[in-house]
Amino acid sequence: MNRDELFKRTRAILKPEVAQQQVWAIIGVGSGGARVAEEAARFGVGTIILIDRPDECLEEHNIIRHVLGYKDLGRPKGEALRDHILNSNPGCEIEVISMDVVKDRDRLATIIRRCTQVHCCVDNEPAKNVINEEAVAAGVTLVFAGVFDGGCGGEVGRVVDGGACYACMAAFLNRSGRFDESQAPQTFDYTNPDGIENSTAALNLDIAQIALIQARVGLLTMLGRHDSAPDFKGNYVLFGNRRVEGLFPRMLSSDIWEIPRDPCCLICGAGGMTEAQINAAAEDILAKAVCSGN
Amino acid sequence: MDSKRLVLEHAAMMERWSALEPRLRSDASGQLHWELTLHAEGGNRLPIKIVYPSGYPSDAPDIVALTSLPSGTPHLLPGNRICWRHPSESKRNRNIWCPSKDTAALCVGVAQRWFYAFLVWLSTSKWPVPDAVSN
């Protein structure tokens, strides 16, 4: 591999030395996460940590929407993705970690502290919340994304130290009424818990569109460290792949919002107390709990 | 649960439900839970505990009835746990547990609602609400 030759056509836009210092964790290497990882390698990100659930292997039904193909059928996605990425940037250092981020919080925290960026590419709320908590605690930038039902569009958010966290944004989006009720994801039918979830899968290009925006936000964040001009104003991007009444006025429409940090957020808010006051109060609560409990 | 969260949980519980005299307890493994008794008309009482799971606050608390309930009680999970959300619900929506806003204090209101529904069911054999929780 000739590194100078590899980055010859992009050097004027993005110096490979800048990207080389970056360490990105990509959590979830499904259809979206795999594309973010692939783009990161093409940016020249020095170290990419691929995290996926144990025993998460490429199945045939994944292939139509994934960067991996039939030659990797049955292989763990993380390992197969590493080989795929090295094929386009052999100089990239890639770590593959198989873990459940919800169950192994301490390990996740250790990994995140090593990173310059964390990309949350999972599709379930408990995992998103855990990743958010650990990124906020470590003060590491978190970029998250989600594809809306049927791939009609999606969202990309960026959590920076001191700004609104994912939990602030989720609460704002869910409970502010900003979204039209008719467009919001439907809740489960509690009277029919065995019923089929009313959601539709997305096409490959729908997912890729959102994943590329996620990678772009990562790129802008990386460049922002070396450029004082603001990369983009806001912390939340809405992108419509298709027209949706009340949400996306036309195909390929986009909007950027600045979702405010909630000072009362239980995850990132200060709570109006100093650390010493918090520790003292917590000790007092725990002492009383133990005394009265057993 | 970190110290800040613990303090905020305690404050929220006491601010809203101190009349029920909730008590924070710790088991041998250090797992924390609240114990309190719900009241309803006719002198009916339901002692409950609200258990913080190891994944808290990303995972929602469990609400456990501390008294034996009749077999066939609707919306009751194994271990006497009150059903208040779909266990596999993992998509963001209006009713999902929200760790930035919700505390164990929310569960007391949820349990009270469940208790009223349970009492109606005892009298009529019909659960009066279509689900176990409503925000």
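For the structure, see preceding data.
Residues numbered from 1 in each chain as written. Chains lettered and ligands numbered in written order. Predicted model: local features only at pLDDT ≥ 70, side-chain atom pairs only at ≥ 80, totals over all residues. Heavy atoms only, no water.

(A) Highlighting the overall build of chain A. Across its full length, chain A carries ten helices and eight strands. Burial analysis of chain A (294 residues in total) assigns 50% to the buried set. (Helix = DSSP H or I, 4+ residues; strand = E, 2+ residues; numbered from the N terminus. Buried < 20%, exposed > 50% of the residue type's maximum accessible area, 1.4 Å probe, protein only.)

(B) Structural view of the sheet that holds strand β4 (residues 117-120) of chain A. Residues and elements named next belong to chain A. Taken in spatial order, the eight strands of this open sheet run β3-β2-β1-β4-β5-β6-β7-β8, and their pairing is mixed. Whereas interior strands pair on both sides, the edge strands pair on one side only; in this sheet they are β3 (93-98) and β8 (254-257). Each neighbouring strand pair of the sheet contributes to a mean axis angle of 15 degrees, computed without reference to strand direction. Sheet analysis places strand β1 (residues 23-27) next to β4, joined by four bridges and oriented parallel. Paired with Ile26 across the bridge in β4 is His119. (Pairing = 2+ DSSP bridges. Axes fitted to C-alpha atoms, helices over the stretch in contact; angles between N-to-C directions.)

(C) Seen up close, the pairing of strand β6 (residues 153-159) of chain A. All names here are of chain A. Extensive coverage of β6 is indicated by the burial of seven of its seven residues. Residues Gly153, Glu155, Gly157 and Val159 line one face of β6 and the alternating positions Gly154, Val156 and Arg158 line the opposite face, and both faces are buried. Where strand β5 (residues 141-147) and β6 come together, six bridges link them in antiparallel fashion. Counted as the bridge partner of Val147 is Gly154 from β6. Following β5, the chain reverses through five residues before pairing antiparallel with β6; Gly150 in that reversal takes a positive phi of roughly 75 degrees.

(D) Quick peek at the layout of surface pockets. Roughly 570 Å³ of volume is contained in the second largest pocket. Met1, Asp2, Arg5, Tyr56 and Pro57 of chain B are, among the 22 residues lining the second largest pocket, the residues nearest its centre. At the level of elements, α7 (125-138) of chain A together with α1 (3-17) of chain B are the ones that each hand at least two residues to the lining of the second largest pocket. Along the lines of polarity and charge, the residues of the lining of the second largest pocket split into twelve nonpolar, four polar and six charged. (1 Å grid on protein atoms, 1.4 Å probe; cavity = no way out; pocket = protein on both sides within 12 Å on 5 of 7 lines; lining within 4 Å. Points joined across faces, edges and corners; volume = space filled by probe spheres on them. Nonpolar A, V, L, I, M, F, W, Y, C, P; charged D, E, K, R; others polar.)

(E) Structural view of the nonpolar core. Counting 44 residues, the largest nonpolar core has Val101, Val118, Ile131 and Tyr236 of chain A as its most contacted members. Broken down by element, this core gets its largest block of residues, six residues, from helix α8 (residues 166-175) of chain A. Counting 40 residues, the second-largest nonpolar core is a separate cluster that includes Leu24, Ile48, Val108 and Phe118 of chain B. (Core = buried A, V, L, I, M, F, W, Y, C linked by side-chain atoms within 4.5 Å.)

(F) Representation of the packing of helix α3 (residues 31-43) of chain A against helix α5 (residues 77-86) of chain A in the model. Residue and element names in this part refer to chain A. Running from N to C, α3 and α5 point in directions that differ by 30 degrees, and their axes come no closer than 10 Å. In terms of orientation, α3 lies roughly parallel with respect to α5. Crossing of α3 against α5: the hand is right-handed. When α3 is examined against α5, the residues Ala34, Ala37, Glu38 and Ala41 are found in contact with a partner set consisting of Leu81, His84 and Ile85. (Parallel < 35°, antiparallel > 145°, perpendicular 65-115°, else oblique. Left-handed = near helix turned anticlockwise from the far one by under 90°. Contact = heavy atoms within 4.5 Å.)

(G) Spatial organisation of helix α6 (residues 105-113) of chain A. Residues and elements named next belong to chain A. Taken as a whole, α6 has its buried residues at Arg105, Leu108, Ala109, Ile111 and Ile112. Relative to the axis of α6, the buried residues are bounded by an arc of 165 degrees and lie together on one face. Facing away from the buried surface of α6 by more than 90 degrees, the exposed residues are Asp106 and Arg113. Check the buried side of α6 and you find it contacts β1, β2 (47-52), β3, β4 and α7. (Arc of directions from axis to C-beta.)

(H) Broad picture of the pairing of strand β7 (residues 236-240) of chain A. Residue and element names in this part refer to chain A. Counting buried positions along β7 gives five out of five residues, so the element sits mostly inside the fold. Burial of β7 is two-sided: the residues Tyr236, Leu238 and Gly240 facing one way and the residues Val237 and Phe239 facing the other way are all buried. Sheet analysis places β6 next to β7, joined by five bridges and oriented antiparallel. Within the sheet, the bridge partner assigned to Gly154 lies in β7 and is Phe239. The pairing of β7 with β8 spans four bridges and is classified as antiparallel. Bridged to Val237 within β8 is Ile256.

(I) Representation of α1 of chain B. Over its 15 residues, α1 of chain B runs 21 Å from end to end, which matches the ideal 21 Å to within 8%, given 1.5 Å per residue. Listed in full, the buried residues belonging to α1 of chain B are Lys4, Arg5, Leu6, Val7, Leu8, Glu9, Met13 and Trp17 of chain B. (Expected span 1.5 Å × (residues − 1).)

(J) Fine view of the pattern of salt bridges. Taken as a whole, this structure holds 20 salt bridges over all chains when the rule is applied. For Glu95 of chain A, the salt bridge is made with Arg114 of chain A, and the minimal N-O distance between the two is 2.6 Å. Linking Glu95 of chain A in strand β3 with Arg114 of chain A in the loop between α6 and β4, this pair joins segments that are 19 residues apart in sequence. Taking the relative accessible area as the measure of exposure, Glu95 of chain A reaches 22% and is therefore partly exposed. For the salt bridge of Glu35 of chain B with Arg25 of chain B, the shortest nitrogen-to-oxygen distance reads 3.7 Å. With a gap of ten residues between them, Glu35 of chain B in strand β2 (residues 32-39) and Arg25 of chain B in strand β1 (residues 23-26) connect regions that are remote in the sequence. Using a relative accessible area of 16% as the deciding quantity, one classes Glu35 of chain B as buried. Counted as one network, the salt bridges with shared partners bring together Lys71, Asp72, Arg75, Arg82 and Asp83 of chain A. (Salt bridge = Lys/Arg side-chain N within 4 Å of Asp/Glu carboxyl O.)

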